[in-house]
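Geometric and topological summary
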Amino acid sequence: MVVELVTFTAPEGADWQGILADAKATLPRWRANSDLLRKHYLLGDDGRTCAGLYIWPSRAAAERGHDATWRAGVEKRTGARPTITYFDLMMVLDNETGMVTEWSESGEKRSHA
């Protein structure tokens, strides 16, 4: 499992509502991507730093989702290239369900309370 953190700066003058509207416009694309397990839309406390936190089954899936065409689209919309960082997802604590999910180095999943 891979977590991908994508950050970029919102265009000058963008406000909460404008940033949210832009994010909502991406929903159909991400809903249609069968590889994407989860996406969190984030806005920094400076009101301009935007981020997407994605959970993918593999880095290859993440890279397919954020190909050169997608990167160019972000740059066109925002005026800045996105920064992308990848992480191996080792464990998730979900206090809402009371569950902990772990992944081994080979990708085996184990859940427990």
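Each value, and the rule that gives it
Residues numbered from 1 in each chain as written. Predicted model: local features only at pLDDT ≥ 70, side-chain atom pairs only at ≥ 80, totals over all residues. Heavy atoms only, no water. Helix = DSSP H or I, 4+ residues; strand = E, 2+ residues; numbered from the N terminus. Buried < 20%, exposed > 50% of the residue type's maximum accessible area, 1.4 Å probe, protein only. Contact = heavy atoms within 4.5 Å. Areas by Shrake-Rupley, 256 points an atom, 1.4 Å probe, with all protein chains shown as cover. Core = buried A, V, L, I, M, F, W, Y, C linked by side-chain atoms within 4.5 Å. Patch = residues over 30% accessible without salt bridge, like charges linked within 9 Å, V, L, I, M, F, W, Y side chains within 5 Å. Salt bridge = Lys/Arg side-chain N within 4 Å of Asp/Glu carboxyl O. Arc of directions from axis to C-beta. Pairing = 2+ DSSP bridges. Axes fitted to C-alpha atoms, helices over the stretch in contact; angles between N-to-C directions. Phe/Tyr/Trp six-rings, centres within 6.5 Å; stacked < 30°, edge-to-face > 60°. Lys NZ or Arg CZ within 6 Å of the ring centre and 35° of its normal.

**Observations regarding the overall build of the chain**
Counting its secondary structure elements, the chain contains four helices and seven strands. Buried positions account for 29% of the 113 residues belonging to the chain. Here the analysis covers contacts within the chain between residues at least 6 apart in sequence; of these, 52% occur between residues at least 24 apart. Surface summary for the chain: the accessible area is close to 7,600 Å², and the carbon and sulfur share equals 53%.

**Some remarks on the environment of Arg-110**
Take Arg-110: it is sitting in strand S7 (residues 109–112). Taking C-alpha positions, Arg-110 is 8.3 Å from Val-100, a pair spaced ten residues apart along the chain. Ignoring sequence-local partners within four residues, the contact set of Arg-110 consists of Val-100, Thr-101 and Glu-102.

**With respect to the nonpolar core**
One finds Trp-30, Tyr-54, Trp-56 and Trp-70 to be the most contacted residues of the largest nonpolar core, which totals 16 residues. Within the residue set of this core, elements represented by two or more residues are strand S1 (2–9), strand S3 (49–56), helix H3 (59–65), helix H4 (68–78) and strand S4 (83–88). If we skip the residues at most four places from it in the chain, Trp-56 touches Met-1, Val-2, Glu-4, Trp-30, Asn-33, Asp-35, Leu-36, Leu-37, Ala-61, Ala-62, Gly-65 and His-66.

**Some remarks on a nonpolar patch on the surface**
A contiguous nonpolar surface patch, about 290 Å² in accessible area, is contributed by Trp-16, Leu-20 and Leu-43. Structurally, the position occupied by Trp-16 is in helix H1 (residues 16–25).

**Concerning H4**
Listed in full, the buried residues belonging to H4 are Trp-70, Val-74 and Thr-78. The arc that holds the buried residues of H4, viewed along the axis, is 50 degrees, so those residues lie on one side. For H4, the exposed residues lying more than 90 degrees away from the buried face are Ala-68, Thr-69 and Lys-76. Contacts made by the buried residues of H4 are with S1, helix H2 (27–32), S3, H3 and S4. Downstream of H4 by one or two residues, Gly-79 has phi in the positive range, about 85 degrees.

**Some thoughts on the sheet that holds strand S2 (residues 38–43)**
The four strands lie next to each other as S2-S3-S1-S4, forming an open sheet whose pairing is antiparallel. Of all the strands in the sheet, the pair left with one neighbour each is S2 and S4. Sheet twist, expressed as the average angle between the axes of neighbouring strands with direction ignored, equals 15 degrees. Bridging between S1 and S4 involves six bridges; their strand directions are antiparallel. Across the sheet, the residue bridging to Glu-4 is Tyr-86, located in S4.

**Thoughts on the packing of aromatic side chains**
Two aromatic rings, taken as a pair, are described by how far apart their centres are and by the angle between their planes. By the definition in use, this model includes three aromatic pairs. Consider the rings of Trp-30 and Trp-56, whose centres lie 6.1 Å apart with planes at 75 degrees: the pair is edge-to-face. Taken as a pair, Trp-30 in helix H2 and Trp-56 in strand S3 lie far apart in primary sequence, 26 residues in all. Judged by relative accessible area, which is 0%, Trp-56 ranks as buried. Above the face of the Trp-30 ring, Arg-29 is positioned so that its terminal group lies 4.6 Å from the ring centre.

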